[in-house]
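Analysis of the macromolecular model
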Amino acid sequence: MRIAIVKESSASEPRVAASADTVKRYIGLGAAVFVASGAGSASGIGDGEYEGAGATVVADNAAAVAGADIVLAVRRPEAAALKGANKGALVIAIADPHGHEAALGEIAGTGVSLFAMELMPRITRAQVMDVLSSQANLAGYRAVIDASSEFGRAFPMMMTAAGTVPAARVFIMGAGVAGLQAIATARRLGAVVSATDVRPAAKEQVESLGAKFIAVEDEEFKQAETSGGYAKAMSAEYQAKQAALTASHIAKQDIVITTALIPGRPAPKLVSADMVASMKPGSVIIDLAVERGGNVAGAVPGEVVTTANGVKIVGHLNVPGRLAATASQLYAKNLYAFVETLVDKGSKALSVKWDDELVKATLLTKDGAVVHPGFAPQESAPAPAPAAEGASAA
Ligand code: NAD
């Protein structure tokens, strides 16, 4: 069983799919691990560290992938990069399938089985494989660190001989995995923290972290959580009430961090241009949803914009990648936990249970076709079976 760890082809992706620790574990499963030289360098893992863990470091991705049974990556590799892999090899990555059906078709054409880690069901058994949580948690932390570095003032209240510095006021919009970590981090830095969400379950979580919960708690709010634990898209009436409530609050904040997402839809617009204009000069807004359309009017992907009234709107891309070493360590562990379920420990060989719910939920391509019900072309999609209900990527 040969496992390839590729070097990411995008310069904007510093993460890597294996750590020295997971290399050792793969070898313990009976694998031989081949790492493309430099794969870990942007995450602080040198070739020597992989070699020390028992991997073979090879010149490039082509050499790593040649003869591979499993290819591990952070982002979906190009189809051309997978040509040398064994027939039916497993390729596991954050595959970003939405809107990339053509690329999926090309990968299917190589005959590999491509898995999307971000489609892993959020069930107890798969918590250790949950890349959305491991990476969002770090993004929430990093958002606060980025805000503090853009902010020209201190976060904690300080009483000094030279005068009293007030605590920064931080408002977190969207209290899921990223938002809750942002609340905890801002509190640790001494800020006065408030937060909002549309899911009632978020209220207790926000308050248990010592932040104030602010939301329109009407009948629609009570129904806003889907059975999967995600937010629904709210009605125009609710959004208007929410905007009225948050507008006066945002005007008094130093920092606003937005994290709100709705699965399968563009991010909800939560901070209008008027709200941005109401903030004091020197205030900072971090839009963690910028890659999904953004929560904030005026946020630009990959840029820090300073508005006419002196408010900075930060739209960093790949925020988990801004903590690449930690993000890689956790992502590598998520991948290992999944790969372990695909290997027979007795025979030390690949043994994929194709009817396992984790495999069915994440498998995008197999045997030359796109097989996931959420992405398969209509004419070749498998007949919808009752068991596939709810397995779509939405
Ligand atoms: P997400 O990234 O989809 O969204 C982030 C947050 O934005 C969510 O809390 C959502 O409610 C909120 N939001 C959406 N629209 C909004 C609006 N208009 N205004 C304000 N907030 C809005 O969510 P997530 O971080 O992935 O977490 C979703 C849920 O899944 C949470 O309840 C989380 O605790 C749960 N979860 C469960 C598991 C597990 O059981 N294994 C793992 C991770 C997360």
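Above this text you will find the structure in question.
Starting afresh in each chain, residues are numbered from 1 along the sequence in its written order. In keeping with the predicted nature of the model, local features appear solely for residues at pLDDT of at least 70, side-chain atom pairs appear and are counted solely at 80 or more, and the whole-chain, interface and lining totals rest on all residues. In computing side-chain properties, one takes all heavy atoms of the structure into account and sets aside hydrogens as well as water.

**Topic: unusual backbone geometry**
The backbone of Asp-96 shows a phi angle near 45°, a positive value even though the residue is not glycine. With respect to the helices, strands and loops of the structure, Asp-96 is situated in the loop between strand S5 (90–94) and helix H4 (101–109). In this structure, Asn-318 is a non-glycine residue whose phi angle is positive, near 45°. You can see Asn-318 is positioned in the loop between strand S15 (312–314) and helix H11 (324–340). Buried residues are those whose accessible area, probed at 1.4 Å on protein chains only, stays under 20% of the maximum for their type, while exposed residues exceed 50% and partly exposed ones sit between those limits. Since its relative accessible area comes to 9%, Asn-318 is described here as buried. Working definition: helices are DSSP H or I runs of at least four residues, strands are E runs of at least two. Numbering for both runs from the N terminus.

**Points about the site of the ligand**
What makes a residue near a molecule or strand is one non-hydrogen atom of that residue sitting within 4 Å of it. In the region of the ligand, 21 residues are neighbours, and Arg-122, Ser-133, Val-177, Asp-197 and Arg-199 sit closest. Any N or O atom pair separated by 3.5 Å or less is treated as a polar contact, with the protein-specific requirement of one donor-capable and one acceptor-capable atom, and with residues adjacent in sequence counted only for side-chain atom pairs. The contact in question runs from an oxygen atom of the ligand to an N or O atom on the side chain of Arg-199, over 2.8 Å. Measuring from an oxygen atom of the ligand, one finds a backbone N or O atom of Gly-229 at 3.5 Å. In these tables, accessible area is a Shrake-Rupley quantity obtained with a 1.4 Å probe, and a residue counts as shielded only by the protein chains included in the view. In isolation the ligand exposes 840 Å². Once the protein is present, 84% of that is buried. Along the lines of polarity and charge, the residues of the shell around the ligand split into 10 nonpolar, 7 polar and 4 charged. Three classes are used, and their members are as follows: Ala, Val, Leu, Ile, Met, Phe, Trp, Tyr, Cys and Pro are nonpolar, Asp, Glu, Lys and Arg are charged, and the others, Gly among them, are polar.

**A short note on the sheet that holds strand S9 (residues 169–173)**
Strand pairing is assigned whenever DSSP identifies at least 2 bridges connecting the two strands. As summarised here, the arrangement of the 7 strands in space is S11-S10-S9-S12-S13-S15-S14, forming an open sheet in which the pairing is mixed. Edge strands, defined here as strands with exactly one partner in the open sheet, are strand S11 (212–213) and strand S14 (304–306). Where strand S13 (residues 284–287) and S15 come together, 3 bridges link them in parallel fashion. Residue pairing for S15: Ile-285 is matched across the bridge by Ile-313. Contacts were defined at the residue level, with two residues in contact if any of their heavy atoms lie within 4.5 Å. In this analysis an axis means a line fitted to C-alpha atoms, helices contributing only their contacting stretch, and an angle means the value between N-to-C directions, from 0 to 180 degrees. Lying on the sheet, helix H9 (residues 236–250) is in contact with S9, strand S10 (192–196) and strand S12 (255–258); it crosses S9 at an angle near 155°.

**Regarding the packing of aromatic side chains**
Centres within 6.5 Å make a pair out of two Phe, Tyr or Trp rings, where for Trp the six-membered ring is used; the pair is then stacked when the planes are under 30 degrees apart, edge-to-face when over 60, and tilted otherwise. Under the defined criterion, the tally for this structure stands at 5 aromatic pairs. Ring geometry for Phe-115 against Phe-338: centres 5.6 Å apart, planes inclined by 70°, an arrangement best described as edge-to-face. Note that Phe-115 is positioned in strand S6 (residues 113–116) and Phe-338 in helix H11, a separation of 223 residues in sequence. An angle of 75° between the planes, with centres 6.1 Å apart, marks the rings of Phe-151 and Phe-155 as edge-to-face.

**Brief notes about the sheet that holds strand S2 (residues 32–36)**
Ordered by their spatial adjacency, 8 strands build an open sheet running S3-S2-S1-S4-S5-S6-S18-S19, and the pairing between neighbours is mixed. One side of each edge strand has no neighbouring strand; the edge strands of this open sheet are strand S3 (56–58) and strand S19 (369–370). Here 4 bridges tie strand S4 (residues 70–75) to S5, and the two strands are oriented parallel to one another. What sits directly across from Leu-72, in S5, is Ile-92.

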